[in-house]
Amino acid sequence: MQKPEFHIEQIIPLIKEQEPDRLDLIEELKKSDRKKWVRQPYVQFVSAEKPNQPGSEWQFEETIVLEHKTEGTIILDILKGGRIGGIEFVSQIRY
């Protein structure tokens, strides 16, 4: 049985292995105030109100896809400036 919590430290080794040039993302994760959360489909780090609009925190730039051996596909939403907007856990999505 999986533990109900997911820790941000579980993503750092994935980035080191699968996106070794993205040390900026590791630093962003280390700086995050959220270090753990209850497993859920999406964890939001930045307000997505009025996305990509002037003045909005959410200014999308790219997506990084990681594969975790027990969690499956993990998608990082990267915003302009290298901030992490949110993390999606595809295996947690219920259809």
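As the structure is a prediction and not an experimental result, all values here were calculated from the model.

**Q** Please clarify how the environment of Q92 should be interpreted in this entry.
**A** Along the chain, the position of Q92 falls in the segment after β6 (84-89). When the C-alpha positions of Q92 and E57 are compared, they lie 26 Å apart, and in sequence the two are 35 residues distant.

**Q** Hey, could you run me through helix α2 (residues 23-31) in this one?
**A** Given 3.6 residues to a turn, an α-helix orients residues that are three or four positions apart in the same direction. L25, I26 and L29 are the residues of α2 that are buried. One side of α2 holds all its buried residues, which, seen down the axis, span an arc of 100 degrees. Seen from the buried face of α2, the exposed residues on the opposite side, beyond 90 degrees, are L23 and K31. On the buried face of α2, the contacting elements are α1 (12-18), β4 (60-68), β5 (72-79) and β6.

**Q** What should I look at first to understand the side chain of R22 in this one?
**A** Here R22 lies in the loop between α1 and α2. Residue class for R22 comes out buried when judged on its relative accessible area of 15%. Here the side chain of R22 touches E62 through a polar contact of 2.7 Å, side chain to side chain.

**Q** Quick question: what am I supposed to make of the sheet that holds strand β3 (residues 42-44) here?
**A** Pairing between the strands of a sheet comes from backbone hydrogen bonds, and it takes one of two forms, parallel or antiparallel. Strand order in the open sheet formed by four strands is β3-β6-β5-β4, and the pairing between neighbours is antiparallel. The strands lining the two open edges of the sheet, one partner per strand, are β3 and β4. Here the average twist between neighbouring strands, direction ignored, is 15 degrees. Where β5 lies against β6, five bridges are found, and the strand directions are antiparallel. Bridging across to β6, I74 finds its partner in F89. The sheet strands contacting α2 are β4, β5 and β6, and the helix crosses β6 at an angle near 90 degrees.

**Q** Explanation requested: the packing of aromatic side chains in the structure shown.
**A** Here the distance between the centres and the angle between the planes together describe a pair of aromatic rings. Tallied over the entire structure, the rule returns four aromatic pairs. Taking 5.8 Å as the distance between ring centres and 35 degrees as the angle between the ring planes, the aromatic pair formed by F6 and W37 counts as tilted. Here F6 is found in strand β1 (residues 5-7), whereas its partner W37 is found in strand β2 (residues 36-38), with 31 residues between them in sequence. For W37, a relative accessible area of 4% gives the class buried. With 5.9 Å between their ring centres and 85 degrees between their planes, W37 and F45 make a pair best called edge-to-face. Overall, F45 belongs to the partly exposed group, its relative accessible area being 23%. Among the aromatic residues, ring-to-ring pairing joins F6, W37, F45 and F89 into one connected group. Residue placement shows R34 over the ring face of F45; its charged tip is 5.8 Å from the ring centre.

Rules used throughout
Residues numbered from 1 in each chain as written. Predicted model: local features only at pLDDT ≥ 70, side-chain atom pairs only at ≥ 80, totals over all residues. Heavy atoms only, no water. Helix = DSSP H or I, 4+ residues; strand = E, 2+ residues; numbered from the N terminus. Buried < 20%, exposed > 50% of the residue type's maximum accessible area, 1.4 Å probe, protein only. Arc of directions from axis to C-beta. Contact = heavy atoms within 4.5 Å. Polar contact = N/O pair within 3.5 Å; in protein donor to acceptor, adjacent residues only side chain to side chain. Pairing = 2+ DSSP bridges. Axes fitted to C-alpha atoms, helices over the stretch in contact; angles between N-to-C directions. Phe/Tyr/Trp six-rings, centres within 6.5 Å; stacked < 30°, edge-to-face > 60°. Lys NZ or Arg CZ within 6 Å of the ring centre and 35° of its normal.

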